[in-house]
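# Descriptive analysis of the structure
Given next are the chains, with one letter for each unit.
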Amino acid sequence: MITRTRLAAGTCALLAALAAGLAFPAGAVAGEPTGEDAPKVDLVLDVSGSMRTRDIDGGTRMAAAKQAFNEVLDATPEEVELGIRTLGADYPGDDRRTGCKDTAQLYPVGPLDRTEAKTAVATLAPTGWTPIGPALLKAADDLDGGAGSKRIVLISDGEDTCAPLDPCEVAREIAAKGIGLTIDTLGLVPNAKMRQQLSCIAEATGGTYTSVEHTDELTEKVNQLVDRAADPVVTPVATRGADSCAKAPTLKSGLYTDRAEFGAQRWYRVDVAPGRELRASVSVGADRAVNPSHGVLLRAVTAYGREIVRGEAAGDGRTDVLSTGLRYPKAEGGSDEEPAEAVCLQVTHSFSVASGVKTTPGLPLELTVDVVDGPGDADDVASFGLGRGWWLLGVLVLVGFLAGLLWGWLSRWRFAVWRTN
């Protein structure tokens, strides 16, 4: 019993000490900060004929949307530039070609005049078609320019009626432009087909999908999304990797976005000076239906093709994002004039799609690059972890063992006192 007590106490002490050791703060991951431009939001509202349906809190879907918009306009932060775009609001006829062009900017993206915006919303009446794809393309143009965050909030009660312009493909094309635009979607009284389409649109740009069946839910969610646009964010810098190390673009510390084509490699170059350490990570997202069993590989190689270090990850279809990373410390040079080493980063993935699923544009890729002081500095996290050797583990084991002996002796002494009494 005493042996078990000592073992348990030693284990607890070991875990406690390990937790304390891992609590040392790590350096922040470098990234490109958002510019000083104001955040922009474009609310895209479905005003098609189906919005006349009376199934939200006893009123029409259009009435619920108007009430939500009025409350959102009152609560919009001053720093957010907001606009409103409609789809299906103007053409009541049966000509599909005309109906699929029916999208208009109801209120331009810019500093918000709440009275003017509310007046514009009050004029809306359910009318025509549901051209979601064309509306998203126009909304992306509404938000073009500037370095601040950009967000489209799409509110619809039905799936797109303007195929073959697939809204999912439109969203992927928008994401492929690398302009840092996020599309969030809200489905009013959703069905399975609409839910699938709106979810696909959101996932393609890293946004969210929410189903809504009550007016207060709609108001709350739109308010959350508008407020989120005002939060400080790290904006990835769009780049384009090359097909070989020799042609690779040179990157500095920061956060980058690219597209990883199927069956192709992406190469990037980073200069690492003596005494510095390269830390890199990559994430590849599946923004469309992919086959199970896939992987991502990140390799650091010299300019002559010799592999330095690699990181890899594999999945089995239960996740839509795979991430991996690596670290490469460059030793101190013999002189202060030693030049930086050109390190090439190679990104490959083994995602594949079933027949009929488009392979263009490639899958979204996010690359983080950070070049920091080497691990010789005492404030580096590697000094306290196991990256510098196993000495810390030995100390933890010894502390746990001694704590176990002490606990066992105290327990035995208390047991002896109890028997004596």
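Residues numbered from 1 in each chain as written. Predicted model: local features only at pLDDT ≥ 70, side-chain atom pairs only at ≥ 80, totals over all residues. Heavy atoms only, no water.

Here the focus is the overall build of the protein. Each helix and strand counted, the protein has nine helices and 17 strands in total. Residue burial in the protein is summarised as follows: out of 421 residues, 45% are buried. In the protein, 75% of the contacts between residues at least 6 apart in sequence involve partners at least 24 apart. Carbon and sulfur atoms make up 55% of the accessible area of the protein, which totals about 21200 Å². (Helix = DSSP H or I, 4+ residues; strand = E, 2+ residues; numbered from the N terminus. Buried < 20%, exposed > 50% of the residue type's maximum accessible area, 1.4 Å probe, protein only. Contact = heavy atoms within 4.5 Å. Areas by Shrake-Rupley, 256 points an atom, 1.4 Å probe, with all protein chains shown as cover.)

For the rest of this paragraph, the subject is the sheet that holds strand 12 (residues 276-285). Paired through their backbone hydrogen bonds, the strands of a sheet run either parallel or antiparallel. Overall, mixed pairing links the five strands, which are arranged 9-10-17-12-15 in an open sheet. What marks the edges here is a single partner per strand, and that holds for strand 9 (237-238) and strand 15 (321-329). (Pairing = 2+ DSSP bridges.)

Our focus in this paragraph is the side chain of Asp 102. Assignment of secondary structure puts Asp 102 in the loop between helix 3 (96-99) and strand 5 (103-110). Dropping the residues within four chain positions of it, Asp 102 is found in contact with Thr 86, Leu 87, Gly 88, Ala 89, Asp 90, Tyr 91 and Pro 131.

Ranked by size, the top nonpolar core spans 31 residues in total, and within it Leu 43, Leu 45, Ile 155, Leu 186, Leu 218, Val 222 and Val 226 carry the most contacts. For this core, the secondary structure elements donating two or more residues are strand 1 (40-46), helix 2 (61-75), strand 4 (81-87), helix 4 (114-122), strand 6 (150-156), strand 7 (181-188) and helix 8 (215-230). For this core, the element with the most residues is helix 2, which contributes seven residues. By size, the runner-up hydrophobic cluster in this structure holds 26 residues, among which are Leu 278, Leu 326, Tyr 328 and Val 371. (Core = buried A, V, L, I, M, F, W, Y, C linked by side-chain atoms within 4.5 Å.)

What follows covers the sheet that holds strand 13 (residues 294-302). Ordered in space as 11-16-13-14, the four strands form an open sheet in which the pairing is antiparallel. In this open sheet, the two strands that pair with only one neighbour each are strand 11 (266-272) and strand 14 (307-315). The mean angle between the axes of side-by-side strands here comes to 15°, regardless of whether they run parallel or antiparallel. Across seven bridges, strand 13 lies against strand 16 (residues 341-349) in antiparallel orientation. Residue pairing across strands places Arg 299 opposite Gln 346, the latter belonging to strand 16. (Axes fitted to C-alpha atoms, helices over the stretch in contact; angles between N-to-C directions.)

Take helix 8 next. Residues that lie three or four places apart on an α-helix share one face, since the helix turns once every 3.6 residues. In a regular helix each residue adds 1.5 Å, so 16 residues correspond to 22 Å; helix 8 covers 23 Å between its end C-alpha atoms and thus fits that length. Residues of helix 8 that are buried: Thr 215, Leu 218, Thr 219, Lys 221, Val 222, Asn 223, Leu 225, Val 226 and Ala 229. (Expected span 1.5 Å × (residues − 1).)

On the surface, Leu 406, Trp 409, Leu 410, Trp 413 and Val 417 cluster together to form a nonpolar patch covering roughly 520 Å² of accessible area. Within the secondary structure layout, Leu 410 lies in helix 9 (residues 391-420). Under the relative-accessibility criterion, Leu 410 is labelled partly exposed at 35%. (Patch = residues over 30% accessible without salt bridge, like charges linked within 9 Å, V, L, I, M, F, W, Y side chains within 5 Å. Salt bridge = Lys/Arg side-chain N within 4 Å of Asp/Glu carboxyl O.)

What follows covers helix 6 (residues 167-176). A large share of helix 6 lies buried, amounting to seven of its 10 residues. Packed against the buried residues of helix 6 are helix 5 (132-142), strand 7, helix 7 (192-204) and strand 10 (254-260). The backbone nitrogen of Cys 168 lies 3.0 Å from a side-chain oxygen of the residue at the head of helix 6, namely Asp 166. Gly 178, located one to two residues past helix 6, shows a positive phi value of around 70°. (Polar contact = N/O pair within 3.5 Å; in protein donor to acceptor, adjacent residues only side chain to side chain.)

This paragraph deals with the packing of helix 2 against helix 8. For the pair helix 2 and helix 8, the least separation of the axes is 9 Å and the interaxial angle reads 35°. Here helix 2 runs over helix 8; the crossing is right-handed. Only Thr 215, Leu 218, Thr 219, Val 222, Asn 223, Val 226 and Asp 227 of helix 8 make contact with helix 2, whose side of the interface consists of Ala 64, Ala 65, Gln 67, Ala 68, Glu 71, Val 72 and Ala 75. Residues belonging to the contact of helix 2 with helix 8 are distributed by class as follows: eight nonpolar, four polar and two charged. (Left-handed = near helix turned anticlockwise from the far one by under 90°. Nonpolar A, V, L, I, M, F, W, Y, C, P; charged D, E, K, R; others polar.)

With that settled, consider the confidence of the model for the protein. For the protein, per-residue confidence averages 84 on the pLDDT scale, and 86% of positions sit at 70 or higher. Within the protein, the lowest mean pLDDT, 37, falls on helix 1 (residues 2-22), and the highest, 96, falls on strand 11. Counting interchain partners and residues more than four positions distant, the pLDDT-below-50 stretch residues 1-35 has 46 contacts. Scored below 50 in pLDDT, residues 377-388 makes 25 contacts in the model with residues more than four places away or belonging to other chains. (pLDDT = per-residue confidence, 0-100.)

So, on to the state of the cysteines. One pass over the full model with this rule turns up three disulfides. Covalently, Cys 100 is tied to Cys 162 through a disulfide, its sulfur atoms 2.0 Å apart. Its torsion about the S-S bond being -100°, the disulfide of Cys 100 and Cys 162 is classed as left-handed. In this pair, Cys 100 is assigned in the loop between helix 3 and strand 5 and Cys 162 in the loop between strand 6 and helix 6, connecting sequence segments 62 residues apart. Like Cys 100, the residue Cys 162 is buried in the burial classification. Residue pairing for Cys 168: its cysteine sulfur links by disulfide to Cys 200, the two sulfurs lying 2.2 Å apart. Within this pair, whereas Cys 168 is found in helix 6, its partner Cys 200 is found in helix 7, the two being separated by 32 residues in sequence. Its relative accessible area of 6% is what places Cys 168 among the buried residues. Judged by its relative accessible area of 15%, Cys 200 is buried. Listing the disulfide partners of the protein by sequence rank of the bonded cysteines yields 1-2, 3-4, 5-6. (Disulfide = S-S within 2.5 Å.)

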